[in-house]
Amino acid sequence: MDLDFEKPGKRVRYEMGGGEGPRTSFMERLPRDIILDILSRLPVTSLVQFRFVCRGWRLMAQDSLLASKHLCRTAQYNPCLILHCDYPIRNQISFVDISAESRDKDMVRKLTIPFWASMPEFEVVGSCNGLLCLADSLFKDAVYVHNPFTRDFKQLPKSLQYPDQEVVFGFGYHPMTEVYKVVKVVYYRNGYGGFSRFRRITCSQSEVQVLTLGSPTWRSLGKVSYQLDRWPSEALVNGRLHWVTRPRRYVTRFIVSFDLADEQFREIPKPDCGGLSRCNYHLLVLGGCLSAAVHRSNGKLEVWVMKEYDVKESWIKEFNIGAHLPKGLKQDVNRPYKIWRNAPKGRGVRMLCLLKNGEILLEYKGRVLVSYNPERGKFKDLTLKGLPNWFQTFVHVGSLSWIDSNTES
């Protein structure tokens, strides 16, 4: 089922305010703070349709305070999932609202990309405050910021390209500066020689490029001394993007942050979980805290949480998740190349988020979503109508948010 917000055929005209003129609705006669509190509890899909009822309701839905209030409430209780699928033919994104209150929690709904004709091949490189950052998956030159529910979008200026480059993206918002930034860490080869089987070694040059949304040009911050894992930042905490450095022989792996305010890279202390440099692990955010899901060789997953940011002693092991083989994975199916290419190596399972009911949501090999009850130690394979055969999952907050018009060029 496609998510298509059509205007209803029958309109009833209401006007904001009192006095002479068209009659106002009961909703419009309520105090503004009560109206905003009521609307902020609705799912974003209802709010989008709410705008088409009449002019007065559209004005209420466009209240900037409603967008802020709705974002705060939704981010705390009801995140949704964005599913990106680039198989078998065209790229598409879908969403599913997995909150217990949702009537459509078992249904995956497709979202329309308004600029798809300009960028048919794309990857999701970040989600922040209801906005998605999408980049051209072939050439890495075109980058868009997009609200998939309101369908607002903005194409960002193009940045300097290098031959045979590898790009690591980051997208985020700093609460103190109140600006959004896109970060590109570009690794490229020194010279223009032919293809080398030792590609990882020859990509020895780097450049950090930063774009403040609203600015007409990218800024170069020079080189970076870290070889970051070729996967977009998955953890934005305290206005900092976080990555794990790339696995390399005889080189210790680090957790590296990039502060969106002062634009400096810093190392973050790792959890003492034993041999982290030899393990596959990914970062995520749980309860506003930086967290690390560590993949063990026996198929188990350890989840560590940094309770106090940038304090090594505050790392604690929060969850132990046992090995599980979902029914949907028992049939051996060849993975499409494009999804295999974009998937992080060595991750059979990814922890996505904590649900409101205390259960843990997991993704298995880009094919199955599973919930895990840590108290009972039980797994439940989720059955969702319209779930793509192959996908990548991103935790997203459905909102009315958009880039402040004062910052746009």
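Structure's up top.
Residues numbered from 1 in each chain as written. Predicted model: local features only at pLDDT ≥ 70, side-chain atom pairs only at ≥ 80, totals over all residues. Heavy atoms only, no water.

Brief notes about the overall build of the protein
Defined as follows: Secondary structure follows DSSP: runs of H or I at least 4 residues long count as helices, runs of E at least 2 residues long count as strands, and numbering of each begins at the N terminus. Type-normalised accessible area, obtained with a 1.4 Å probe on protein chains alone, sets the label of each residue: buried when under 20%, exposed when over 50%, and partly exposed for intermediate values. Two residues form a contact once any of their heavy atoms are found within 4.5 Å. Accessible areas in this description were obtained via Shrake-Rupley with a 1.4 Å probe; residue shielding takes into account the shown protein chains only.
For the protein, the helix and strand inventory stands at six helices and 24 strands. Evaluated residue by residue, the protein yields a buried proportion of 52% over its 409 residues. In the protein, the proportion of contacts linking residues at least 24 apart, taken out of those at least 6 apart, comes to 53%. Accessible surface computed for the protein: about 20,800 Å², of which carbon and sulfur atoms make up 49%.

Considerations on the sheet that holds strand 15 (residues 265-268)
Basically, it comes down to this: In this description, strands pair whenever DSSP reports at least two bridges between them. To define axes, lines are fitted to C-alpha atoms, for helices over the stretch in contact only, and angles between the resulting N-to-C directions are given on a 0 to 180 degree scale.
Spatially, the four strands line up as an open sheet ordered 12-13-14-15, and their pairing is antiparallel. The open sheet has two edge strands with one neighbour each: strand 12 (235-237) and strand 15. Within this sheet the neighbouring strands show an average axis-to-axis angle of 35°, counted without direction. Strand direction decides the pairing type here: strand 12 and strand 13 (residues 240-244), joined by three bridges, are antiparallel. Following the sheet pairing, Leu236 is matched in strand 13 by Leu241.

Overview of unusual backbone geometry
One non-glycine residue, Arg151, lies in the positive phi region at around 70°. Along the polypeptide, Arg151 turns up in the loop between strand 6 (143-146) and strand 7 (153-155). Residue classification places Arg151 among the partly exposed residues on the basis of a relative accessible area of 38%. Located in the positive-phi region is Asp310, a residue other than glycine, with phi close to 65°. The topology assignment puts Asp310 in the loop between strand 18 (301-306) and strand 19 (315-321).

Here's the deal with the nonpolar core
The following threshold applies: The term nonpolar core refers to a set of buried residues drawn from Ala, Val, Leu, Ile, Met, Phe, Trp, Tyr and Cys, joined through side-chain atoms within 4.5 Å.
Counting residues in hydrophobic clusters, the biggest one holds 30 residues, and the most contacted among them are Leu39, Ile82, Ile93, Met119, Leu134, Phe149 and Leu400. Mapped onto this core, the elements with two or more residues apiece are helix 1 (32-39), helix 2 (44-50), helix 3 (55-61), helix 4 (64-77), strand 1 (80-85), strand 2 (92-96), strand 4 (122-128) and strand 5 (131-136). Apart from the residues lying within four places of it in its own chain, the contact partners of Leu134 are Ile113, Phe115, Met119, Phe122, Glu123, Val124, Val125, Ala142, Val143 and Tyr144. Counting 19 residues, the second-largest nonpolar core is a separate cluster that includes Ala135, Val167, Val182 and Tyr188.

Quick look at the pairing of strand 8 (residues 166-174)
For strand 8, a buried count of eight out of nine residues is recorded, marking the element as mostly surrounded by other parts of the structure. Where strand 8 meets strand 9 (residues 179-188), nine bridges bridge the pair, whose relative direction is antiparallel. Looking at the pairing, Phe171 lines up with Val182 of strand 9. Once strand 8 ends, the chain turns through four residues before running back antiparallel as strand 9, passing Glu178 with a positive phi of about 60°.

Re the sheet that holds strand 3 (residues 109-111)
Sheet strands pair by backbone hydrogen bonding; their relative direction is either parallel or antiparallel. The four strands are arranged 3-2-1-24 in an open sheet whose pairing can be described as antiparallel. The open sheet is flanked by strand 3 and strand 24 (392-396), the only strands paired with a single partner. Strand-to-strand twist of the sheet, defined as the mean angle between neighbouring strand axes without regard to direction, takes the value 35°. Bridging between strand 1 and strand 24 involves five bridges; their strand directions are antiparallel. Residue pairing in the sheet places His84 in a bridge with Gln392 of strand 24.

Quick word on the side chain of Thr393
For clarity, the cut-off: Nitrogen and oxygen atoms within 3.5 Å of one another constitute a polar contact, given that in protein one can donate a hydrogen and the other can accept it, and given that sequence-neighbouring residues count only through two side-chain atoms.
The topology assignment puts Thr393 in strand 24. Side-chain polar atoms of Thr393 contact the side chain of Glu363, separated by 2.6 Å. With residues near it in sequence (within four places) discarded, Thr393 still touches Leu81, Ile82, Leu83, Arg350, Leu352, Glu363 and Leu369.

With respect to the packing of aromatic side chains
To describe a pair of aromatic rings, one takes the distance between the centres and the angle between the planes. The line we're drawing: Pairing of aromatic side chains here covers Phe, Tyr and the six-membered ring of Trp, requires ring centres within 6.5 Å, and sorts the geometry by plane angle: under 30 degrees stacked, over 60 edge-to-face, intermediate tilted. Sitting over a ring, as applied to charges here, requires NZ of Lys or CZ of Arg to be within 6 Å of the ring centre and within 35 degrees of the ring normal.
One pass over the full model with this rule turns up 10 aromatic pairs. When the ring of Phe95 is compared with that of Phe149, the centres are 5.0 Å apart and the planes differ by 85°; the resulting orientation is edge-to-face. Taken together, the positions of Phe95 in strand 2 and Phe149 in the loop between strand 6 and strand 7 put the pair 54 residues apart, joining distant regions of the chain. Neither Phe95 nor Phe149 differs from the other in exposure class; each is buried. Pairing Tyr162 with Tyr188 gives two aromatic rings, centres 3.9 Å apart and planes at 5°, and the pair type is stacked. You can see Tyr162 sitting in the loop between strand 7 and strand 8 and its partner Tyr188 sitting in strand 9, a full 26 residues away along the chain. Assessed through its relative accessible area of 15%, Tyr188 is described here as buried. Cluster of aromatic residues (ring-pair linked, three or more members): Phe115, Tyr144 and Phe153. When the ring centre of Phe254 is taken as reference, the NZ or CZ atom of Lys270 above it lies at 5.7 Å.

Function cannot be read off these values alone, since they describe shape.
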